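Each chain, letter by letter, is given below.
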Amino acid sequence: MFANSLMNRHNLVDSRNLLLLALLLGCYFKADSASSQEPKRNLTDQWVEQAAKPLIKERKVDGMSIGYLQGKHYGVVHLGAANRSKKKATNTTIYEVGSISKVFTGLLLADAVVRGEIDLQAAAATANAAGVQFPAYEGTPITWTNLATHRSGLPRLPNNFSAFNLQNPYQKYDSRLAAAYLENFELRRKPGESYEYSNFGASVLGYLVAENANSTYEQLLRDRIAKPLKMTDCTTKLSSEQKKRLATPHSRFSGVTPAWHFADLPGAGGVRASIRDMMRFARAQLQPPKGEIGEAIELAWKRHAVGDESGPALGLGWHIMGDGQTRWHNGQTGGSHASLFVNRQTKSAVVILCNTAAGNQIDELAMQMMRKAAGEKVELATAEQASGKAALKTAPFQAIRWQDEQPEVKVKGRWYKLVKLDHLTTEKILAFSRQTYNSKWQKRFEEDLVELLQAMGHAPNRRVTLEVQPLDSAETKTLKRIPMTKANRESIRNAAMDQAKDKPAKEKVDDEKLAADPQHRRRLEGRYQLNPNFIFTIRDRDGRMMVAITNQATQEVFPDSPTRWSYKGIEATLEFELPKQGQATGLILHQNGLKQKARRLR
């Protein structure tokens, strides 16, 4: 059995967390002009470089190539080091794209359908050298569509997957081992019933599509995608010359690690490509060419699985965001990370190829670029902030006290209600702190304010602007150039430590007991409608409070109090409206400083 910790490390990538992150951060990429018009040029090389450089300067990644398309405009930016000689990447530097390989596999399936070789709704069965055959569930077979949309019922990885080499885990797992596993595997549910992200399913899908065409995955990829789209370096097997252009993989900054290799099952994560290739691929998704490849792109682009409580809507290989327009996938190997986003409504696409396994930081940069392309205001760090000069252990307040969970701050010897710090409202800062730090949200605001603000994307300068309201007045006033000092922060910290010594723990213990009580949690269960296309489904599953959102994956929330439950690492809290008896009547979504009420559906 493949150990859980190792599975997490080598699972290519599970995209569900990013889906919810995108949803709750409001990343619906809406065009700022009519779709028939040429969009305004919002992305530039200079803007992209400013947005991405902190990842290099802060030693998060070694190197990356970033491409963007916006209507007729496009650009490519290379940052950092591509290899051990510290040279910058070029347009032909080759990267591992990880799970973006599933998009290519989905397109190969679509191409086979266009050619009349495969029926999407038929059982996924074909003569093959390894003897791979899928089980059925009470007479219901696994279809080709089930495989391409992660609704086959197959697991993420099979239990006969053994990583002989922890740094290259997939190199010995082949089609014969897959066939042996499937021979004794029993489905636990009907295919198509629910979403379960499966690297195994995508790997076998790619193998069977190739076998059905009497080919190999590599040959089919080259003949049916790479050649028609002029992707000269899109491959699963590098030539000697191409190996010299492969970006050196890193498991962490400066931590060189081997590239991954796949046996005869590369369909889930074995594709490599250059930024030039991926830009051509992205352009083809925005403007499909004529012929079979164009028809296949259109077929793969269509929605083939409706989003539900178990997971998101999907095309063939594509994840579809909650806006219904954005297709995307990301991918991570042991030493690389890649992101691909395409939106036909905004006529924009973003590709990021990175030679460091940097996780969500690359995906967040890609979403930031998509928001910018759509015309949204995206704030970037100033030169001083990006250089890291802002001190972490400082504060602009001499003291802080709380009234009904709202801070009153002491500045220049006088107490005020805090309205804004620079451009950020107090409500937005507190909401982010609650969502990110849960029970420690007040402590973070008091003692780690700069770190909190930086996590929000705003690193304050050494002097800040405060908008405040005197306690004896309804009018607000602006205090400019208030210094951030270590002395202020230490004063606040010492006061908090003194208060903690005398604070009774009974109230907190009572809250924790109530939140853990199954009867209390059942009162919160139900469906809550924010709007016709946005419904929360709350369920208590074996002591875990799970929340599903329309067209999105299910996520767990954690109690801050019996009525307030927060996501971890995401700026969103659910506050339940709970009467003295009976079920909750509604909930309030606290997000980005806003409050949105969802009514309970009967």
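The structure this text deals with has already been given above.
Just so we're clear, the structure is a prediction, and the values are computed from it rather than from any experiment. (Residues numbered from 1 in each chain as written. Predicted model: local features only at pLDDT ≥ 70, side-chain atom pairs only at ≥ 80, totals over all residues. Heavy atoms only, no water.)

**So, the overall build of the protein**
Scanning the protein from N- to C-terminus turns up 19 helices and 25 strands. Going through the 602 residues of the protein one by one, you find that 54% of them count as buried. The long-range share in the protein, meaning contacts at least 24 apart out of those at least 6 apart in sequence, stands at 66%. Here the protein has roughly 26,600 Å² of accessible surface; of this, 46% comes from carbon and sulfur atoms. (Helix = DSSP H or I, 4+ residues; strand = E, 2+ residues; numbered from the N terminus. Buried < 20%, exposed > 50% of the residue type's maximum accessible area, 1.4 Å probe, protein only. Contact = heavy atoms within 4.5 Å. Areas by Shrake-Rupley, 256 points an atom, 1.4 Å probe, with all protein chains shown as cover.)

**A look at helix α7 (residues 199-212)**
Here α7 spans 20 Å end to end across 14 residues, near enough to the 20 Å set by a 1.5 Å rise per residue. By the criterion of burial, α7 is predominantly enclosed, with twelve of the 14 residues buried. Residues of α7 that are buried include every one of N199, F200, G201, A202, S203, V204, L205, G206, Y207, L208, V209 and A210, and no others. Packing partners of the buried residues in α7 comprise α4 (101-114), α5 (144-148), α6 (175-183) and α8 (217-226). (Expected span 1.5 Å × (residues − 1).)

**Some words on the sheet that holds strand β1 (residues 63-70)**
Within the open sheet, the seven strands sit side by side as β2-β1-β11-β10-β9-β8-β7. Their pairing is antiparallel. Only two strands of the sheet have a single partner each, and these edge strands are β2 (73-80) and β7 (313-314). Relative to strand β11 (residues 348-354), strand β10 (residues 337-343) runs antiparallel, the two sharing seven bridges. Each residue of the ladder has a partner; that of A338, found in β11, is L353. Helix α3 (residues 45-57) rests against β1 and β2 of the sheet, and its axis sits at about 25° to β2. (Pairing = 2+ DSSP bridges. Axes fitted to C-alpha atoms, helices over the stretch in contact; angles between N-to-C directions.)

**Digging into the packing of aromatic side chains**
In total, this model carries 13 aromatic pairs according to the counting rule given. Ring centres 6.0 Å apart and planes at 70° place the aromatic pair W301 and W318 in the edge-to-face group. One end of the pair, W301, is in helix α11 (residues 292-301); the other, W318, is in the loop between β7 and β8 (319-320), with 17 residues separating them in the sequence. A single burial state applies to W301 and to W318, both of which are buried. Here a set of aromatic residues connected by ring pairs shows up, and it is made of F161, Y170, Y173, W260 and F262. Over the aromatic face of W301 sits the side chain of R344, whose NZ or CZ is 4.0 Å from the ring centroid. The positively charged end of R401 is found above the aromatic ring belonging to W415, 4.0 Å away from the centroid. (Phe/Tyr/Trp six-rings, centres within 6.5 Å; stacked < 30°, edge-to-face > 60°. Lys NZ or Arg CZ within 6 Å of the ring centre and 35° of its normal.)

**Considerations on the nonpolar core**
One finds F104, I225 and F281 to be the most contacted residues of the largest nonpolar core, which totals 76 residues. Apart from residues no more than four positions distant in its own chain, F281 is found in contact with V103, F104, L107, I225, L229, M231, W318 and L340. Residues L55, F341, L365 and M367 belong to the second largest nonpolar core, which totals 28 residues. (Core = buried A, V, L, I, M, F, W, Y, C linked by side-chain atoms within 4.5 Å.)

**As for unusual backbone geometry**
Phi is positive for E138, which is not a glycine, with a value near 50°. Structurally, E138 can be placed in the loop between α4 and α5. Of the residues examined, E138 reaches a relative accessible area of 73% and is grouped as exposed. Located in the positive-phi region is K412, a residue other than glycine, with phi close to 55°. Position of K412 relative to the elements: it lies in the loop between β13 (406-411) and β14 (414-421).

By themselves these figures say nothing about function.
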